[in-house]
Each structure stands twice: as structure tokens, then as C-alpha cells.
Amino acid sequence: MTLDWKIEKIDYNDIFYKKGIVELAKQAFENDWSESFEWKYLKNPFGQAFGYVAIFQDEIIGSLAMFPQKINNYGKMISGIQLGDVMASPKYRGHGARVVTSLLRHAREEAKDKKYEFGIGFPGQLSYLLLTKLGKWQDIGEISSCLTLVFPLRFFFKKSNLIHIKNVDNFTQEYDVFWDKVKEYYGFTTHRSSEYLNWRYIKNKLNKYNVFSAYNAQNELIAYSVIKFITSAKI
């Protein structure tokens, strides 16, 4: 079957695109994004996402998004984008590579026009091949995840008379002051403003995180940690 699809830029406030992308995510990823859509695409403190869809017979059959990023590089701020949510409808598997390649070409041109300083992505197997072979993206290596068993939680932290731990449910300006003190020691790290941290971890609609902060004897913030708790029958 020959598909004569068209490429359109996404208006994330438009109900047509929202319904189509949510439905496509159910088909491609078996995930329901209906509750997280606005949080993800419209409320990013670094700016709203931009992206493109492939449409065939009034149905969205492919989509990708670019998410604005602000990166700290040893105290210097640089702007860029993160490529994400690359997907094609399983109903048109034989055309998926061509659909995604068309979307990548449009997104790349817009990113160049906006003069972002870098682009980064975390692709799956198919997207990786398309990005590196056809999209002119470069493989810079893998980012590993660390997993540990934490049960019961009280054993995770050791008691100390010099340091005390608090559970955090809101990042305040205290964290902006802390970040300003330490950011010059970190290279290529997301700009960790309190606004970003609240959006990314406290208000996250996709995953649940727990945040713990460490204070010294003078009640000064000296460190914090964000932990994602998962439940798995395989562990």
C-alpha cells in the first residue's frame, strides 16, 4: 500500500493533535499520556515543546517532539533541545522508517533555524539506526542507570549528629542559592533551578520520585538526592 502522508507542525494546544498523539502513544508504547500531556509538552519551564506529526487520512501515524533544554557547563549556560517521543503507528510498520525520517528532517531544520547550541536524544533501537544513519546524529555513548534494593527505607540513611535528612515535597529558593554555589563544578548538567526541579520531580505526571535533602548542624543545605522508586516482580 502506498501512503501519501503529509507533515504538519504540532500545535500542542489543539485538541486534534492531543487526541492523535495520545492515541498513537497507546498504539506504539502501550502508555496512556492523557493525564501527562500538558505537563510534558506545555509546562516545561525551559519552554514549550515543538514537534511534527505525519498525517494519513486524518489520522496521526507518526510523531516526534523537541524539548527545550538549558544546560549548565561549569557555570556557563547553554541552550539546546532533547529529541523525544519518536513513534510511528504499528498499523503501518512497513512505512515507519520513512515516516520517522521525514519527521526528523523537518525537526532538524527548525532546530537549526532556532540556533540551538546542541541536540541530544535517548533513542530506542529503531530510532537509533535512523538518527545515526539518516539523521546525521552522532553516538556519544550510553548513560547507565543504577538500581538498589531499599527496604525498609530507614536503612537507607545512617543517623548522624552532624547531618540530618529531610524529606522534600517542594523545592524553594533555598535550592536556587545552593545551585548557584555549586554549578561551576558541574559540566553538561541540566540547569537545576527550583522551578525546573519542581516540574521535573514534584509535579511529574509519569513517574513518582522521592527527594531527600541533607543539612549540616547549622541547618544549611549541603546536598540533595532524587530517588525513583519502582516495584517489579523481577527483582
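For clarity, every value in this text was computed on a predicted model and none was experimentally measured.

Can you lay out the overall build of the protein chain for me, pointing to particular residues and giving the numbers?
From N to C terminus, the protein chain includes 6 helices and 9 strands. Within the span of the protein chain, comprising 235 residues, buried residues form 40% of the whole. Of all intrachain contacts in the protein chain linking residues separated by at least 6 positions in sequence, the fraction that spans at least 24 positions is 66%. Carbon and sulfur atoms provide 49% of the accessible area of the protein chain, an area that totals close to 15,100 Å².

Let's hear about the nonpolar core: which residues, and what values?
Core analysis: the largest hydrophobic core is formed by 21 residues, its most contacted members being Trp5, Ile61, Leu64, Leu83 and Leu104. The element that contributes the greatest number of residues to this core is helix 3 (residues 96-113), accounting for 6 residues. Setting aside residues no more than four positions away along its own chain, Trp5 makes contact with Ala54, Ile55, Phe56, Ile61, His95, Arg98, Val99 and Ser102. Among the nonpolar cores identified, the runner-up in size contains 18 residues, and Tyr12, Tyr17, Val22 and Ile55 belong to it.

I'd like a rundown of the sheet that holds strand 6 (residues 164-168), residues and numbers included.
If you trace the 3 strands from one edge of the open sheet to the other, you get 6-8-9, paired in antiparallel fashion. Of all the strands in the sheet, the pair left with one neighbour each is strand 6 and strand 9 (221-228). Looking at each pair of strands side by side, their axes are set apart by 25° on average, direction ignored. Where strand 6 meets strand 8 (residues 209-215), 5 bridges bridge the pair, whose relative direction is antiparallel. Among the inter-strand pairings, Val168 is bridged to a residue of strand 8, identified as Val211. Its contacts with the sheet put helix 5 (residues 173-182) on strand 6, strand 8 and strand 9, and the angle it makes with strand 9 is roughly 110°.

I'd like a description of helix 4 (residues 125-133), backed by residues and values.
Along helix 4, the residues that are buried comprise Ser127, Leu130 and Leu131. Projected down its long axis, helix 4 shows its buried positions confined to an angular sector of 95°, all on one face. Exposed side of helix 4, more than 90 degrees from the buried face: Gln125 and Lys133 are the residues found there. Residues of helix 4 that are buried in the fold lie against strand 4 (76-88) and helix 3.

Which residues make up unusual backbone geometry, and what are the values?
Despite not being glycine, Gln57 has its phi angle at roughly 50°, a positive value. Checked against the element boundaries, Gln57 lands in the loop between strand 2 (50-56) and strand 3 (59-73). Judged by its relative accessible area of 67%, Gln57 falls in the exposed class.

I'd like a rundown of the confidence of the model for the protein chain, residues and numbers included.
For any part of a model where pLDDT is low, the fine detail of the predicted coordinates should not be relied upon. For the protein chain, the mean per-residue pLDDT works out to 88, and 89% of the residues sit at or above 70. pLDDT under 50 marks residues 150-156. Its contacts with residues more than four places away, or in other chains, come to 5 contacts.

Help me get a handle on the pairing of strand 3, residues and values and all.
The buried fraction of strand 3 amounts to 12 of the 15 residues, a majority that puts the element mostly inside the structure. The pairing of strand 2 with strand 3 spans 7 bridges and is classified as antiparallel. For Tyr52, the partnering residue across the bridge sits in strand 3 and is Leu64. Between strand 2 and the antiparallel strand that follows it, strand 3, lie 2 residues; Gln57 among them carries a positive phi value of about 50°. If you look at the hairpin formed by strand 3 and strand 4, you'll find 2 residues sitting between the two strands, and Tyr74 has a positive phi there, around 55°. Judged from the 2 bridges that link them, strand 3 and strand 7 (residues 189-190) form a sheet pairing that is antiparallel. Paired with Asn72 across the two strands is Thr189, which belongs to strand 7.

Conventions we followed
- Residues numbered from 1 in each chain as written.
- Predicted model: local features only at pLDDT ≥ 70, side-chain atom pairs only at ≥ 80, totals over all residues.
- Heavy atoms only, no water.
- Helix = DSSP H or I, 4+ residues; strand = E, 2+ residues; numbered from the N terminus.
- Buried < 20%, exposed > 50% of the residue type's maximum accessible area, 1.4 Å probe, protein only.
- Contact = heavy atoms within 4.5 Å.
- Areas by Shrake-Rupley, 256 points an atom, 1.4 Å probe, with all protein chains shown as cover.
- Core = buried A, V, L, I, M, F, W, Y, C linked by side-chain atoms within 4.5 Å.
- Pairing = 2+ DSSP bridges.
- Axes fitted to C-alpha atoms, helices over the stretch in contact; angles between N-to-C directions.
- Arc of directions from axis to C-beta.
- pLDDT = per-residue confidence, 0-100.

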